[in-house]
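Analysis of the macromolecular model
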Amino acid sequence: MFATPLGDDGAVLRPLEPWRAEEFLAHMDRGREFIGRFIGLPDVVVDQASSRAFLQAYADKAAADTARIYGIWKDGTLVGGVLFRTMDVKMGTAEAGCWLEPAAAGKGLVTRAARVIIDWAVEERGIHRVEWLVAAANQASIAVARRLGMTRDGVLRESYLHRGERFDVEVWSVLAPDWRANKALTPGA
């Protein structure tokens with residue numbers, strides 16, 4: 001099993017696989033309300049069966065080369081994750097996303113983890129455009145998009161219905177040439 005270090009603080013990134021369903025559910029239980037403020041993930045992962053089914057769906061998508069999901073561990077505890085919700089290698093596009101439980105917020109974990117998977121997608125898989133869709137009210141996730149060197153493409157007004165409320169969604173993206181140029185300017189990033 002591989003684990004990619006995310007810095008000097010002991011945080012690691014690794015695939016989030018179906019056999020980790022119990023750990024994933026415990027993580028969702030710790031962060032359910034915080035995570036669920038802007039995304040539906042904790043509304044889907046509510047028990048052992050749904051946790052396993054969710055992770056199995058991503059395992060199937062990874063096998064089909066259409067999506068990926070990774071967990072972020074800090075001090076041996078699953079505290080969040082990053083993913084490619086969609087990935088179309090032929091078209092050269094992917095949509096990245098994230099979630100994090102409250103105890104892990106504000107430590108740069110999502111930015112570091114997203115940097116790893118975006119770099120892999122661009123450099124190894126030939127993805128040309130990586131998108132980041134975020135509720136306009138989710139300032140923490142917008143800050144990640146900025147730190148990743150993404151450009152705000154626009155706003156999809158009231159396009160996301162979540163827990164009975166309509167949210168504007170900002171579309172952010174980075175193109176492969178811009179990713180490489182930004183990476184050259186910030187060695188070690």
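Residues numbered from 1 in each chain as written. Predicted model: local features only at pLDDT ≥ 70, side-chain atom pairs only at ≥ 80, totals over all residues. Heavy atoms only, no water.

1. Here's the deal with the packing of helix 1 (residues 21–35) against helix 3 (residues 48–63)
- Where helix 1 meets helix 3, the axes come as close as 8 Å, and the angle between the chain directions of the two elements is 110 degrees. Looking at the two axes, helix 1 sits roughly perpendicular to helix 3. Crossing hand, helix 1 versus helix 3: right-handed. Where helix 1 abuts helix 3, its residues Ala21, Glu22, Phe24 and Leu25 lie against Gln48, Ser51, Arg52, Phe54 and Leu55.
- When its residues are assigned to classes, the contact of helix 1 with helix 3 shows five nonpolar, two polar and two charged. (Axes fitted to C-alpha atoms, helices over the stretch in contact; angles between N-to-C directions. Helix = DSSP H or I, 4+ residues; strand = E, 2+ residues; numbered from the N terminus. Parallel < 35°, antiparallel > 145°, perpendicular 65-115°, else oblique. Left-handed = near helix turned anticlockwise from the far one by under 90°. Contact = heavy atoms within 4.5 Å. Nonpolar A, V, L, I, M, F, W, Y, C, P; charged D, E, K, R; others polar.)

2. Regarding the UniProt feature "domain: N-acetyltransferase" (unreviewed entry) in the chain
- The residues that UniProt annotates with the feature "domain: N-acetyltransferase" (unreviewed entry) are residues 11–178.
- The distance from the first to the last C-alpha atom of residues 11–178 is 27 Å, and the span holds 37% helix and 36% strand. (UniProt positions renumbered as here; feature names shortened; annotations may be inferred.)

3. A closer look at helix 1
- If you check helix 1, its first and last C-alpha atoms are just 17 Å apart, much less than what 15 residues at 1.5 Å a residue would give, namely 21 Å.
- Along its length, helix 1 shows its largest kink, about 50 degrees, at Asp29.
- Residues of helix 1 that are buried include every one of Ala21, Phe24, Leu25, His27, Met28, Gly31, Arg32 and Ile35, and no others. (Expected span 1.5 Å × (residues − 1). Bend = angle between axes of the 7 residues up to and from the residue. Buried < 20%, exposed > 50% of the residue type's maximum accessible area, 1.4 Å probe, protein only.)

4. Notes on the environment of Leu41
- Looking at the secondary structure, you find Leu41 in helix 2 (residues 41–44).
- When the C-alpha atoms of Leu41 and Ala57 are compared, they prove to be 13 Å apart, with 16 residues separating the residues in sequence.
- With residues near it in sequence (within four places) discarded, Leu41 still touches Phe24, Met28, Phe54 and Trp99.

5. A few points about the sheet that holds strand 1 (residues 4–5)
- The eight strands are arranged 1-2-3-4-5-6-8-7 in an open sheet whose pairing can be described as mixed. In this open sheet, the two strands that pair with only one neighbour each are strand 1 and strand 7 (151–162).
- Bridge count for strand 3 (residues 68–74) against strand 4 (residues 77–88) is seven bridges, and the pairing is antiparallel. Bridge pairing in strand 4 places Gly71 opposite Gly81.
- Each of strand 1, strand 2 (12–15), strand 3, strand 4, strand 5 (93–100), strand 6 (129–135) and strand 8 (165–175) touches helix 4 (residues 109–123); the most contacted strand, strand 4, lies at about 30 degrees to it. (Pairing = 2+ DSSP bridges.)

6. Quick word on the packing of helix 4 against helix 6 (residues 176–185)
- Between helix 4 and helix 6, the least distance of the axes is 10 Å, while the angle of their chain directions is 125 degrees. With respect to each other, helix 4 and helix 6 are oriented oblique. Between helix 4 and helix 6 the crossing geometry is left-handed. Contacts between helix 4 and helix 6 involve Arg115, Ile118, Asp119, Val122 and Glu123 on the former and, on the latter, Ala176, Trp179, Arg180 and Lys183.
- Considering only residue class, the contact of helix 4 with helix 6 consists of four nonpolar, no polar and five charged.

7. Considerations on the packing of aromatic side chains
- Under the defined criterion, the tally for this structure stands at six aromatic pairs.
- Between the aromatic rings of Phe24 and Trp99, the centroid separation amounts to 6.2 Å while the plane-to-plane angle is 70 degrees, which identifies the pairing as edge-to-face. Taken together, the residues Phe24 in helix 1 and Trp99 in strand 5 connect sequence positions 75 residues apart. Across this residue pair, the class does not change: Phe24 and Trp99 are buried.
- Aromatic pair Phe54 and Tyr58: ring centres 5.3 Å apart, planes at 50 degrees, arrangement tilted. Linking Phe54 with Tyr58, this pair stays in helix 3, spanning four residues, or about one helical turn. (Phe/Tyr/Trp six-rings, centres within 6.5 Å; stacked < 30°, edge-to-face > 60°.)

8. Observations concerning the nonpolar core
- Of all hydrophobic cores here, the largest spans 34 residues; its most connected members are Ile72, Val82, Ile118, Val130, Trp132 and Met150.
- Setting aside anything within four residues of it in sequence, one finds Met150 in contact with Ile118, Val130, Trp132, Ala145, Trp172, Ser173 and Val174.
- Phe24, Leu25, Trp73 and Trp99 belong to the second-largest nonpolar core, a separate cluster that totals 18 residues. (Core = buried A, V, L, I, M, F, W, Y, C linked by side-chain atoms within 4.5 Å.)

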